[in-house]
Protein chains: 2
Amino acid sequence: MRDSPHWWIQLEKSLQRNRVHAFARYFQVATVRPDGRPANRTVVYRGTVERGKDAAPYVTFVSDLRSGKHKDLEKCTWCEICWYMPVTREQYRITGCAEVVGASGADAFLREARKEVWCRLTPPLQAPFLAPTPGLPLRVASASKPEIKLDDAGVPDSFGLVLVLATRVDYLQLAKSNGPPPHRTCYYRNIGAPDVKDANAATEVEVWEMEALQP
Amino acid sequence: MRDSPHWWIQLEKSLQRNRVHAFARYFQVATVRPDGRPANRTVVYRGTVERGKDAAPYVTFVSDLRSGKHKDLEKCTWCEICWYMPVTREQYRITGCAEVVGASGADAFLREARKEVWCRLTPPLQAPFLAPTPGLPLRVASASKPEIKLDDAGVPDSFGLVLVLATRVDYLQLAKSNGPPPHRTCYYRNIGAPDVKDANAATEVEVWEMEALQP
């Protein structure tokens with residue numbers, strides 16, 4: 001397996017240092033609505049999926065496939081995660097493309113990942129996926145009977161696992177009192193550089209470049 | 001003065017109940033970049049500006065007028081604030097248009113509001129507005145000498161106060177253990193209804209409507 005990119009190692013450390021707050025695992029995801037306006041909501045980090053030996057881990061969260069979030073991503077797959085870590089005063093802005101894994105995904109590995117995440121959710125967190133469409137006026141929702149089917153793995157077809165393939169990570173360490181001044185680093189993903197470490201490999205690999213920025 | 005809309009009264013209560021965490025005053029703002037992709041970052045709530053007797057208060061934050069955020073808002077003024085309150089497990093999604101107040105704004109009231117917010121910032125928070133352009137590669141920024149002018153009020157011309165005029169507020173109360181189930185309410189701003197309370201007034205007023213939604 002390829003080494004994890006530097007930003008990923010750092011993110012794992014940040015999660016560890018902020019684990020005193022359960023909500024340090026929450027982040028905000030911005031998308032663009034079909035009408036071209038921005039949308040933003042809080043979601044919960046559901047771990048990573050590693051796909052292929054040459055790629056960085058995908059950041060995952062879950063989404064109801066009947067939600068506005070899913071409709072946004074159908075039209076424009078770009079999203080930007082903003083993740084603020086309250087203890088360490090760090091911010092990660094992860095720009096990337098979202099891939100949504102539903103019941104009918106062709107990739108067996110991703111279908112399995114979706115099922116695993118579903119099984120880890122507690123019943124109160126599973127319940128909304130079996131309830132009426134989120135965002136529907138309650139007077140309409142109360143009268144409706146949702147048509148949810150379970151797939152072969154017993155997962156409702158409303159349940160989506162969203163994988164974010166990062167292309168850019170903008171990291172900001174805010175200043176602390178009596179600490180060093182703020183600093184900011186940007187990581188860029190480059191695809192296509194030949195893997196010079198392996199003379200037999202003709203495959204393109206993922207390369208991350210970094211640059212210090214003015215905070 | 002007109003009564004504050006219901007969502008605003010609730011937001012003030014939430015701020016009060018979450019004040020144990022200074023970062024409960026941080027929220028995430030999504031914008032659309034000039035290339036049509038979403039952007040997202042954490043900013044600090046800087047209080048409200050009340051403008052006109054018939055309007056809801058504007059939510060404010062500050063922005064460097066040389067930043068990407070400002071460039072986004074120049075092209076598309078729509079933004080969506082996502083504000084998560086960790087103690088009370090509430091989320092506000094405030095959709096609205098952003099108005100940026102800079103040094104040359106014609107409105108004396110808003111120029112004064114901008115100056116007041118500037119004067120409330122501590123010197124470490126004022127410093128970036130006098131430093132090189134944020135987001136510039138550090139090797140370039142270190143060599144550059146920023147050309148910042150002070151306006152008549154002594155405020156740097158890089159300093160912008162952003163006012164968000166809300167048109168829609170989507171409020172979500174997440175479930176707590178042993179508490180009531182989650183609930184969600186959406187508030188919509190309607191302009192144009194005649195003010196029936198005042199027979200002498202011919203002015204249009206701001207009306208907020210609300211609807212319970214499926215969480």
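For the structure itself, consult the block above.
This one's a predicted model, so the numbers in the text were calculated from it and none came from an experiment.

*Asks:* Can you explain the relation of the copies chain B and chain A? Please cite residues and give values.
*Replies:* Taken as rigid bodies, chain B and chain A are interconverted by a rotation of 180 degrees and an axial shift of 0.0 Å, the fit giving an RMSD of 0.0 Å. The transformation just described matches what one would write down for a two-fold rotation axis. Taking the C-alpha atom as reference, chain B places B:Ala30 closest to the rotation axis, 2.8 Å from it. A share of 100% of interface residues in chain B that are also interface residues in chain A marks the association as one of identical surfaces.

*Asks:* Give me the lowdown on the pairing of strand S4 (residues 58–64) of chain B, citing residues and values where you can.
*Replies:* Residue and element names in this part refer to chain B. Among the seven residues in S4, seven count as buried, and that is most of the element. Summarising the sheet, strand S3 (residues 48–49) and S4 pair through two bridges and their orientation is antiparallel. In the strand pairing of S4, Thr48 is matched with Val59.

*Asks:* Before we move on, could you go through the pattern of salt bridges and cite the residues and values that matter?
*Replies:* When charged atoms on two side chains of opposite charge get close, those side chains can pair. Residues and elements named next belong to chain B. Summed over all chains, the structure comprises 18 salt bridges over all chains. Among the salt bridges present, the one from Arg66 reaches Asp64, with a minimum N-O distance of 2.8 Å. The pair formed by Arg66 and Asp64 is uniform in burial state, with each residue classed as buried. One salt bridge in this structure joins Arg168 and Asp170, with 3.9 Å as the shortest N-O distance. The partly exposed category is assigned to Arg168, whose relative accessible area is 24%.

*Asks:* Give a description of the interface of chain B and chain A that names residues and reports values.
*Replies:* How big an interface is tends to be stated in terms of the accessible area lost upon association of its parts. Counting residues at the interface gives 43 residues for chain B, matched by 43 residues for chain A. Summed over both partners, the interface of chain B with chain A comes to about 3,500 Å²; 55% of that surface belongs to carbon and sulfur atoms. When the area that chain B buries against chain A is broken down by residue, the three leading residues are B:Pro38, B:Asn40 and B:Gln214, summing to 20%. Linking chain B with chain A are four salt bridges. We note a salt bridge from A:Arg33 to B:Glu80, for which the minimum N-O separation is 2.4 Å. Here chain B is connected to chain A by 21 residue pairs in polar contact (both at pLDDT 80 or more). At the level of elements, strand S1 (26–32), strand S2 (38–44), strand S5 (78–85), strand S6 (90–101), helix H5 (138–143) and strand S9 (204–213) of chain B are the ones that each hand at least two residues to the side of chain B that touches chain A.

The rules behind each value
- Sequence order as written defines residue numbering, which begins from 1 separately in each chain.
- As a convention, the first chain written is A and the first ligand written is 1, with the rest following in written order.
- For a predicted model such as this one, the threshold for reporting local features is a pLDDT of at least 70, and the threshold for listing and counting side-chain atom pairs is 80 or more; totals across whole chains, interfaces and linings nevertheless cover every residue.
- To get the side-chain values, all heavy atoms of the structure are used, and hydrogens and water are removed first.
- In this comparison the copies share one frame, found by least squares on the C-alpha atoms of residues holding pLDDT of at least 70 in both.
- What makes two residues a contact is simply this: any of their non-hydrogen atoms within 4.5 Å.
- The cut-offs for exposure are 20% and 50% of the maximum accessible area for each residue type, with area from a 1.4 Å probe on protein chains only; residues under the lower value are buried, those over the upper are exposed, and the others partly exposed.
- Labels follow the DSSP assignment, with helices taken as runs of H or I lasting at least four residues and strands as runs of E lasting at least two, numbered in each case from the N terminus.
- Only when DSSP finds a minimum of two bridges between them are two strands counted as paired.
- Between Lys or Arg on one side and Asp or Glu on the other, a salt bridge is scored when a side-chain nitrogen of the former is within 4 Å of a carboxyl oxygen of the latter.
- Values labelled buried area give the accessible surface lost by two parts on being combined, using a 1.4 Å probe and summing over both.
- Within 3.5 Å is the distance limit for a polar contact, defined as a pair of N or O atoms, with the added protein rule that one can donate a hydrogen and the other accept it, and that residues adjacent in sequence qualify only through two side-chain atoms.

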